[in-house]
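Examining the three-dimensional arrangement
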Amino acid sequence: MTSTLSSHTLHGRGRLATWAAFAIALTALDLRTAVTGLPPLLETVGADLGFGIALAGLLGTVPAATFAVFGFLAPVVTRRYGLERTAAVALGLSAAALTMRALAPTPLALVASTVLALAGIGAANVVIVPLIKAWFADRVALWTSGYLLLLQTGQFVAPLLAVPVAQATTWRLSLGMWAVPVAVAAILWLALALALPSDHRTAGPGPGAHPRPVRSTTAWGLVGLFAAVSVANYSIITWVPSVLTDAGASATRGGSMLALYSAWGVLAALVVPQLATRMRNPFPVVVTCSVLLLVGYAGLALSPVDGTALWMCALGIGVSTFPLCLTLVNHRTRTPQSAATVSGFVQGIGYGLACLGPIGLGLVREATGSWTAPLVVLAATALVGVAAGWFACRPRLVEDTAPVHP
């Protein structure tokens, strides 16, 4: 899927580019608030609507599942309707669903509205990168860093505000308030879509745009590394507040520690892509991150309340292989079209495998009665990430087995 269009070139330095900049920034900020704003409130919402730990685990699985499915579907839609129209519809659906989630009268309604909300977010997650290329082709690196920074900002602000807003008002307002910025982003993209020519479409793929990642050990290494970090991330987001409250900490502390964990993603967005660009083989980054994940899991298992901040910092730095994966998708492919194909392959399968994390760990917790066994399982996924990272980081292109020259 290519994304640079003649219509964008004409508008690229004019008034519409300013609105596109606002739309990209607001979309990036919204991409994780619907995910991380819920876990600190799960016990409160569960007590009100009448559900337990099994359904909480299912809700933790929904983000990865929807991102996997709509990661595959979004490129098909954009080829027919264009990037801006797809973004507008996706975010409009998400805003409506987030409002429905805040008003949910039953657990079933909560799950259904969450699925719809994250379906829209999943599609937006895919189209924002080609939108950056389409509107700001001469500043892709700058805007990509900005996108990751805003994504991480939304990820840590949402859990930080969740409990205080719920305590001051209700959990429904705490969840529903995120529908507002999502709706504004949808309106911005709709306005941009209407301002573009009526025959505007995303250009079709060019020659050589379809590498076969299924035959590449590099691509499969990226899948394994992306799946491992996604399992870790969504499991931590879903269950760490419960790990802490079960150990005697308050719900507010659970939310603040989740925010601390997410805040490290801001630093990772600045540092890791630069390291991946400058290092011919960034495998040492994978090893370092995996060691930190092991430290964090061990700390939560042995001393969850004492030293919590240290464990969350270790985990927050440990999942820095996420921006590493996104950077390697570009550096291990020859063309933007190939990068798009590999990105869909990696994210689709990676998020699909990540679905097993939150719900599986919830079942292990119910079966064993403690969080020790789930944390041991997470430690094992960190080791899988090391093995996959060896293949992902080797300086070889997905299209063939030729080494990548510095």
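Counting starts from 1 at the beginning of each chain's written sequence and moves along it residue by residue. Confidence filtering applies because this is a predicted model: local features only for residues at pLDDT of at least 70, side-chain atom pairs given and counted only at 80 or more, and all residues used for totals across whole chains, interfaces and linings. Excluding hydrogens and water, the side-chain figures rest on all heavy atoms present in the structure.

1. Quick look at the packing of aromatic side chains
Note on aromatic contacts: the rings of Phe and Tyr and the six-membered ring of Trp form a pair at centre separations within 6.5 Å, being stacked when their planes are under 30 degrees apart, edge-to-face when over 60 apart, and tilted otherwise. Under the definition given, this model contains 7 aromatic pairs. Taken together, a centroid distance of 5.1 Å and an interplanar angle of 80° make the contact between W220 and F345 edge-to-face. Taken together, the residues W220 in helix α11 (residues 217-246) and F345 in helix α16 (residues 336-354) connect sequence positions 125 residues apart. An angle of 45° between the planes, with centres 5.9 Å apart, marks the rings of F226 and F322 as tilted. For the purposes of this entry, the term helix denotes a DSSP run of H or I that reaches at least four residues, the term strand denotes a run of E that reaches at least two, and both are numbered from the N terminus.

2. Some words on the environment of T170
You can see T170 is positioned in the loop between α8 (140-168) and α9 (171-176). Only protein chains enter the accessibility calculation, which uses a 1.4 Å probe; a residue whose area is less than 20% of its type maximum is buried, one above 50% is exposed, and one in between is partly exposed. The exposure class assigned to T170 is partly exposed, which follows from its relative accessible area of 41%. In this structure, the C-alpha to C-alpha distance between T170 and V45, residues 125 residues apart in sequence, is 10.0 Å. In protein, a polar contact requires one atom able to donate a hydrogen and another able to accept it; more generally it is a pair of N or O atoms within 3.5 Å, and residues adjacent in sequence count only if both atoms are side-chain atoms. Within the local environment of T170, its side chain forms a polar contact with the backbone nitrogen of L173, the two atoms lying 3.2 Å apart.

3. Some points on empty space enclosed by the protein
Buriedness of a pocket was judged along seven lines, with at least five required to meet protein on both sides within 12 Å; pockets are open sets of points on a 1 Å grid over the protein atoms alone, cavities are sets where a 1.4 Å probe fits but cannot get out, and lining residues have an atom within 4 Å of a point. Grid points are joined across faces, edges and corners, and a volume is the space filled by probe spheres set on the points. Under the defined criterion, the tally for this structure stands at 4 cavities of 30 Å³ or more. By volume, the largest cavity amounts to about 230 Å³. It is helix α12 (residues 251-278) that contributes the most residues to the lining of the largest cavity, 6 residues altogether. Only Asp, Glu, Lys and Arg are considered charged in this grouping, and only Ala, Val, Leu, Ile, Met, Phe, Trp, Tyr, Cys and Pro are considered nonpolar; every other residue, Gly among them, is considered polar. By residue class, the composition of the lining of the largest cavity is 12 nonpolar, 8 polar and 1 charged.

4. Topic: the nonpolar core
Here, nonpolar core refers to any group of buried Ala, Val, Leu, Ile, Met, Phe, Trp, Tyr and Cys residues whose side-chain atoms link them within 4.5 Å. Grouped together as the largest cluster of nonpolar side chains are 117 residues, with contacts concentrated most on W135, W189, Y297 and L324. Here the element with the most residues in this core is α11; it accounts for 15 residues. Between two residues, a contact is recorded if the distance between any of their heavy atoms is within 4.5 Å. Other than its neighbours up to four places away in sequence, Y297 contacts A232, I236, L315, L375, L378 and A379.

5. Points about the layout of surface pockets
Of the pockets and cavities examined, the second largest pocket occupies roughly 190 Å³. Considering the residues around the second largest pocket, the lining is formed by 13 residues, among which V271, V272, L275, I317 and S320 are closest to the centre. Secondary structure elements with two or more residues in the lining of the second largest pocket: α12, α13 (283-302) and α14 (308-318). Broken down by element, the residue count for the lining of the second largest pocket peaks at 6 residues, all from α12. Its residues assigned to classes, the lining of the second largest pocket shows 10 nonpolar, 3 polar and no charged.

6. Description of the side chain of S320
Tracing the backbone through its elements, the reader meets S320 in the loop between α14 and α15 (321-331). Here the side chain of S320 touches I317 through a polar contact of 2.7 Å, landing on its backbone oxygen.

7. Some thoughts on the pattern of salt bridges
Take a side-chain nitrogen of Lys or Arg and a carboxyl oxygen of Asp or Glu: if they are within 4 Å of each other, that pair is a salt bridge. Using the criterion set out here, one finds 1 salt bridge in the structure. When the shortest N-O distance is used, the salt bridge between R365 and D246 registers 3.2 Å. Here D246 lies in helix α11 and R365 lies in helix α17 (residues 356-368), a separation of 119 residues in the sequence. Residue class for R365 comes out buried when judged on its relative accessible area of 18%. You can call D246 partly exposed: its relative accessible area is 44%.

8. Topic: the packing of α11 against helix α18 (residues 372-393)
One way to put it is that α11 packs onto α18 with a least axis distance of 7 Å and a crossing angle of 155°. The pairing of α11 with α18 is recorded here as roughly antiparallel in orientation. The handedness of the crossing between α11 and α18 is left-handed. Here α11 contributes T217, T218, G221, L222, G224, L225, A228, V231, A232 and S235 to the contact with α18, which in turn contributes L378, T381, G385, A388, G389, F391 and A392. Partitioned by chemical class, the residues of the contact of α11 with α18 number 9 nonpolar, 8 polar and no charged. Simply put, an axis is a line fit to the C-alpha atoms, just over the touching stretch for a helix, and the angle between two N-to-C directions goes from 0 to 180 degrees. Between 65 and 115 degrees an angle is taken as roughly perpendicular, under 35 as roughly parallel, over 145 as roughly antiparallel, and anywhere else as oblique. In this scheme the crossing of two helices becomes right-handed for a clockwise turn of the near helix relative to the far one and left-handed for an anticlockwise turn of less than a right angle.

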